[in-house]
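# Examining the three-dimensional arrangement
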Amino acid sequence: MVEKLGFVQGALILTIANLISKFLGFVFRIVLSNKIGPEGMGVYQLVMPIYITALSITTGGISVTVSKLVAQSTSRGGANTRKIIQLSLMLIIIISVAVCSIIMIWSKYISINILKDERTLTSIFVFAPALFIISSSAVIRGYFEGIQNIKPTATANIIEELFKIGFILFIIDAVLPMGIEYAVAASVLSSIIGEIAGFIYMSYRYKVEWRSIKISKSVKPMASTKIISRVIGTTFPLSLNRFVNTLLQSVESVIIPQRLMINLSKQKSLSIFGELSGMALPIVMLPSIVVNSLSVTLIPAIAEAHEKNDMPSLEHRIDESVCYTIIVSFATSALLLSLSNEIAIVLYHNAEVGKFMKMFSFVIPFMYLSHIMTSTLNGMGKQKLTLLITSSASIIRTLCTYYMVAQPALMVNGYFIGYYLSFFILFLLSYISVRKFTAIKIDCQFFIKTLMSCLFFYINLKILYHINPISNGFINLVTTICISLVIYLLTLIFTGAIKKDNLLKIFPFPRRI
């Protein structure tokens, strides 16, 4: 019998698993950066956009599509469930083989003419053949999400990261003497090994669950052509949204080092690029796991209220999500403003990374809130509007990067100008769009209470880190952040920014406690 979890229980399990996976991925980045250095991270970051772009074509919105179609099939007796999985796998494997063939044929051109670094060629040869495995795994994930059994997906995420870290630790010292090209290729291979391990586990769980797929004989199975049509029709708009934004991000990742090379050496440009996108940005995005989990919960909640035309519930859920996002984003900004240099030195032994972290700090609230606003629009069925807004913001950032990074007076600062401008525009347009369909308002009293609590959090971080008697830098950093976060939470409760009842909704504490 398939274990069907409630929505809250499933969201909680996925949140915990994603936090663990994110932490393990963060450990992988630290290990990798310490082994291959800023230049190696720069080459690694050059390869990743091509890898991610290829995945956006092969997987796109297939997980969401399969999840939706499986849920619909299950509610009608499950007559089409197996056929949905089989046809989706067939379709995705055909697309993956086609994309893999194109990449392999054009690999040298991509490496030399697009990425402008021949050292990426080996890495391209490594990831291209694995696309069909990763894409097939996305279909199986969609099946488990469709039957509301989130445990296999959560477990697979952790397995992938563990295998990735284990493999890179096992092989990196052996390939480092061969040069950066092979060290980066080994790093890419470790990601593929993790994906394969996750796929094997998901396939095993799917085989176990296969017998539990109940088929109602009273419901006539749908024709294969109709199922394929529905899979393509549902996947295409989701894939287009993801592909356009991924492509623009990939273009941006390629042009940053290239435009820096106009004024700097190739090695220095790749080092700055590695420090920026391979070291600083992952730290900045680490707390976003909370916002991402919140958006996963928000989209179906918004869709449900919107379908019922229950505007009070819809607006309440948006307001609640915005409040929690402000709390998280303000805390992240305060943390990076106060301890960015200390974090960079402890984790990367590189003070330059700390400067980049501090430069990202003020854009974080706009970045996180934009995610909530666009998720709200998606929940309300405004995917085309979301595509237009996000694509426009990405184009602005890419254009700013192209023109400003090449200016001798700006260089990497030109990237930050475009970054701030794009996310401010994204937030503004998405917020205006949400306001067009709802009557949400900014709670000024809550904003002020949170801002004051955040200021106190900033002061605590500064004081506690320097008076902490622990000599080990990493332990000192962790204890300082944990104690300060507890004080921040208590301050939010004391000021009334967070109510006790709201905490009980977030964490399933027993009521008698």
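Residues numbered from 1 in each chain as written. Predicted model: local features only at pLDDT ≥ 70, side-chain atom pairs only at ≥ 80, totals over all residues. Heavy atoms only, no water.

The secondary structure content of the protein amounts to 19 helices and zero strands. Among the 513 residues that make up the protein, the fraction classed as buried is 52%. Long-range contacts, defined here as pairs at least 24 residues apart, represent 80% of the contacts in the protein between residues at least 6 apart. Of the roughly 23800 Å² of accessible surface on the protein, 69% is carried by carbon and sulfur atoms. (Helix = DSSP H or I, 4+ residues; strand = E, 2+ residues; numbered from the N terminus. Buried < 20%, exposed > 50% of the residue type's maximum accessible area, 1.4 Å probe, protein only. Contact = heavy atoms within 4.5 Å. Areas by Shrake-Rupley, 256 points an atom, 1.4 Å probe, with all protein chains shown as cover.)

This part covers the packing of helix α13 (residues 351-360) against helix α16 (residues 412-437). Interaxial distance between α13 and α16 falls to 11 Å at its minimum, and their mutual angle equals 25 degrees. With respect to their mutual orientation, α13 and α16 come out roughly parallel. The handedness of the crossing between α13 and α16 is right-handed. Each of Phe356, Met359 and Phe360 in α13 lies in contact with α16, whose residues at this interface are Val412, Asn413, Tyr415, Phe416, Tyr419 and Tyr420. Counted by class, the contact of α13 with α16 contains eight nonpolar, one polar and no charged residues. (Axes fitted to C-alpha atoms, helices over the stretch in contact; angles between N-to-C directions. Parallel < 35°, antiparallel > 145°, perpendicular 65-115°, else oblique. Left-handed = near helix turned anticlockwise from the far one by under 90°. Nonpolar A, V, L, I, M, F, W, Y, C, P; charged D, E, K, R; others polar.)

Sizing a probe to match a water molecule and rolling it over the atoms shows the empty space that remains. In this structure, the second largest pocket occupies an estimated 890 Å³ of space. For the lining of the second largest pocket, the secondary structure elements donating two or more residues are α12 (311-348), α14 (364-379), α16, α17 (444-467) and α19 (500-506). With 11 residues, α12 is the largest single contributor of residues to the lining of the second largest pocket. Taken together, the residues of the lining of the second largest pocket sort by class into 25 nonpolar, six polar and seven charged. (1 Å grid on protein atoms, 1.4 Å probe; cavity = no way out; pocket = protein on both sides within 12 Å on 5 of 7 lines; lining within 4 Å. Points joined across faces, edges and corners; volume = space filled by probe spheres on them.)

This part covers a nonpolar patch on the surface. A cluster of nonpolar side chains, Phe447, Ile448, Leu451, Met452, Leu455, Tyr458, Ile459, Ile463 and Ile467, forms an exposed patch at the surface whose accessible area comes to about 840 Å². Mapped onto the secondary structure, Leu451 falls in helix α17. (Patch = residues over 30% accessible without salt bridge, like charges linked within 9 Å, V, L, I, M, F, W, Y side chains within 5 Å. Salt bridge = Lys/Arg side-chain N within 4 Å of Asp/Glu carboxyl O.)

With respect to the helices, strands and loops of the structure, Ile289 is situated in helix α11 (residues 288-308). In this structure Ile289 comes out as buried when scored by relative accessible area, which is 9%. Beyond its immediate stretch of four places on either side in the chain, Ile289 contacts Asn18 and Leu19.

Turning to the packing of aromatic side chains, a few remarks are in order. Scanning the entire structure with this criterion turns up 16 aromatic pairs. Relative to Phe423, the ring of Tyr419 lies with its centre 5.0 Å away and its plane at 55 degrees, an arrangement referred to as tilted. One end of the pair, Tyr419, and the other, Phe423, are both in helix α16, four residues apart, so they sit about a helical turn from each other. What makes Phe423 buried here is its relative accessible area of 13%. (Phe/Tyr/Trp six-rings, centres within 6.5 Å; stacked < 30°, edge-to-face > 60°.)

Now for the nonpolar core. Of all hydrophobic cores here, the largest spans 109 residues; its most connected members are Phe127, Tyr348, Met357 and Phe360. By residue number, the principal contributor to this core is α12, which donates 18 residues. (Core = buried A, V, L, I, M, F, W, Y, C linked by side-chain atoms within 4.5 Å.)

On to the confidence of the model for the protein, then. If pLDDT is low for a region, its predicted coordinates should not be looked at in detail. Of all residues in the protein, 88% have pLDDT values of 70 or greater, and the mean over the chain is 81. The secondary-structure element of the protein with the lowest mean pLDDT is α19, recorded at 61, while α16 shows the highest, at 92. Every residue in residues 1-8 is under pLDDT 50, and counting partners more than four places away or in other chains gives 18 contacts. Note on residues 508-513: pLDDT under 50 across the span, and three contacts to partners over four residues away in sequence or across chains. (pLDDT = per-residue confidence, 0-100.)

Our focus in this paragraph is the environment of Ile262. Relative to the helices and strands, Ile262 resides in the loop between α9 (224-260) and α10 (266-285). Note: C-alpha distance between Ile262 and Met411 (149 residues apart in sequence) is 9.4 Å.

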